[in-house]
Amino acid sequence: MTNDLPPTNHLLSLSTDDFIAGFDAVASKFDSATFPQQKLPPDSWALLVRAGVRLPTLPRRYGGRDSGVEMCRIVETASEWNLALGVYVIVNTALALLPVVKWAGEEVKQEMLPLFAGDAPVMAGLAATEPGAGSALSSMTTTFEEVEGGYRIRGRKHWQALSSSAHWWLVLAKNAHRREYGYFVVERSEGFRTVELYEALGLKLLDYGVNDIDVIVPRHRRIDAEEAGLDSVDVFLASRALLAAAGSGFLRRISREAHTYVDGRQIGRKPQSKIGFVNYRLAAIDTSATICEALSHYLQTMLDVKGDMTPAFPAVQALKTVATERMISAAQHYQQLTGAEGYRCGSPTNIAGQAFLDTRVFSIFDGNNDMLSQQLTAYCLTRRSGRALSELLAEWPLTAPAVATLETDLSFLDQRLGQAQQVLAGRAIAYLFAITQVLKWADETGADPARVRPAIEFLRSDIAGVAAEFRLLATGILDTYGAAGGHRASRPGVADESGSQDPATAAAAAHPHLPVPPPAPPVAPLGEPEPLTGPFAREAWSAVPGSAPVRFPGPPTGPVG
């Protein structure tokens, strides 16, 4: 490593608080209330680069600050000023740079990382999702093959954040001749072309589109998954976890803005804040902020986004699903409070319209929440050791404090679980995880009980809602839907879309490169879960550490990657 110090080196000696304060001062220039809702200009990114936005991700020997906690705080700070900016940071750091830091060989690190430690406003992205292969990467058409001097990679990707902006890419491709997958570091100038730009509903700072790839890269640019111990799911765990930090910053802002708006608006002779249901909506927003603050606290104190995240798989699934649900819900409440003005982008009185648009995608990208919920259920089912699922949750450290606090009957989780029930069960498990973290956060920070109790009660209501949805499914509503031409796969003991009573066999035929769990009887004994079925079954099993280990492909991504 060269002894030349990058221009940002003056930031390396700062304390964490001073470093974040300096970044906050720069991030304030991107306030979503005033900053243009358009693709982020390079000179604007340059301001953030000079403030050290990438330094926490980079090792010290490459000129970085090397801090997972600071990665979280940078995202939280950016998201409070502008949610799209927080996502911009996550894409550049956790999705694109961090895999290189963790798993790439020394030669490619020497080639790439010093550039990102300096002042140059270069950007990086992840290219995984393809047209026609969004949640089934086995269907991807981007291939690689060995050629003289390296690898030739050819194909098409889409919905990459920074599609037309990023200079360096981490590209996922499959071997053109055999069942093998690999990640490659590609420079745009080598043959990474943007051929179409999409008009996304929100997150206007990020550019999305279609990219054609025809490049030849040297051998050292391939990340050796075997040697690096790269797990197929770990690539996405850090970015998913950081959405808790994004949610914490964003919801702190939304709570503040909502209170200011209703306190200042007169309805007749009294302020809007004196209306009963207005206060209910404010409470819903405030509890969402509390929950995400607790999740972000867990992220910063218990997880290391720069380390091996695979053991944190269940926690990350819960962090992502709960945080993003809370962001979407709070944005809807905020927009309702602002009325017609909340439907106006660029309103001088509120940011509700933009907040609503920016949050809509969060339940979809970086792993569809339905899929992640099913994976969380799969994780728990593989670790029951013969116990009922409710018994496991009463003993599992990530949920046991919540179960003890709620004293709620969770036996509805102990029935046979079709695919629809597995998704719902995952949501309930995630809410229990969130309650546990609210309790932990309150104990460790001395939080005001007036914030803690409402958060727990709202989450209790969410779990009751899941129980109600279980009862709805028990009425046979999906059978009725199936009789009208819809899907019947979610009902226990009913054939899936392929007509097979053995979902594992059907999945194996659809995804021959993946190992599958052993076939199970068509109907499991009473009290036992059914095998994972439905459209996400293969991804659900393949992403569960220890159940059906695979190296590639990774879990489905979305517009972020």
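Refer to the structure presented above.
Residues numbered from 1 in each chain as written. Predicted model: local features only at pLDDT ≥ 70, side-chain atom pairs only at ≥ 80, totals over all residues. Heavy atoms only, no water.

**A word on helix H3 (residues 68-81)**
- End to end, H3 covers 21 Å across 14 residues, agreeing with the expected 20 Å (1.5 Å per residue, within 8%).
- Here H3 lies mainly inside the structure; eleven of its 14 residues are buried.
- Residues of H3 that are buried include every one of Gly68, Glu70, Met71, Cys72, Ile74, Val75, Glu76, Thr77, Ala78, Ser79 and Glu80, and no others.
- Close packing links the buried residues of H3 with helix H1 (16-27), helix H4 (83-103), helix H7 (234-264) and helix H8 (276-302).
- Sitting at the head of H3, serine 67 places a side-chain oxygen 3.0 Å from the backbone nitrogen of glutamate 70. (Helix = DSSP H or I, 4+ residues; strand = E, 2+ residues; numbered from the N terminus. Expected span 1.5 Å × (residues − 1). Buried < 20%, exposed > 50% of the residue type's maximum accessible area, 1.4 Å probe, protein only. Contact = heavy atoms within 4.5 Å. Polar contact = N/O pair within 3.5 Å; in protein donor to acceptor, adjacent residues only side chain to side chain.)

**Quick look at the environment of serine 329**
- Within the secondary structure layout, serine 329 lies in helix H9 (residues 313-338).
- Measuring from C-alpha to C-alpha, the distance between serine 329 and arginine 360 comes to 9.6 Å, with 31 residues separating the pair along the chain.

**Examining the pattern of salt bridges**
- If you walk through the whole model with that rule in mind, you get 27 salt bridges.
- As a salt-bridge pair, glutamate 469 and arginine 427 come within 3.4 Å of each other at their nearest N and O atoms. Here arginine 427 lies in helix H14 (residues 419-445) and glutamate 469 lies in helix H15 (residues 449-474), a separation of 42 residues in the sequence.
- Taken together, the salt bridges that share partners define one network made up of Glu76, Glu80, Arg252 and Arg256. (Salt bridge = Lys/Arg side-chain N within 4 Å of Asp/Glu carboxyl O.)

**Describing unusual backbone geometry**
- At aspartate 66, a residue that is not glycine, the phi angle is positive and equals roughly 55 degrees.
- With respect to the helices, strands and loops of the structure, aspartate 66 is situated in the loop between helix H2 (42-50) and H3.
- A positive phi is found at tryptophan 159, a non-glycine position, where the angle reads about 60 degrees.
- Within the fold, tryptophan 159 resides in the loop between strand S3 (150-158) and strand S4 (168-175).

**Some remarks on the packing of H7 against H8**
- Relative orientation of the contacting elements H7 and H8 amounts to 150 degrees, with a least axis distance of 8 Å. The angle between H7 and H8 falls in the class roughly antiparallel. As H7 runs across H8, the sense of the crossing is left-handed.
- Taken together, the residues of the contact of H7 with H8 break down into 15 nonpolar, six polar and three charged. (Axes fitted to C-alpha atoms, helices over the stretch in contact; angles between N-to-C directions. Parallel < 35°, antiparallel > 145°, perpendicular 65-115°, else oblique. Left-handed = near helix turned anticlockwise from the far one by under 90°. Nonpolar A, V, L, I, M, F, W, Y, C, P; charged D, E, K, R; others polar.)

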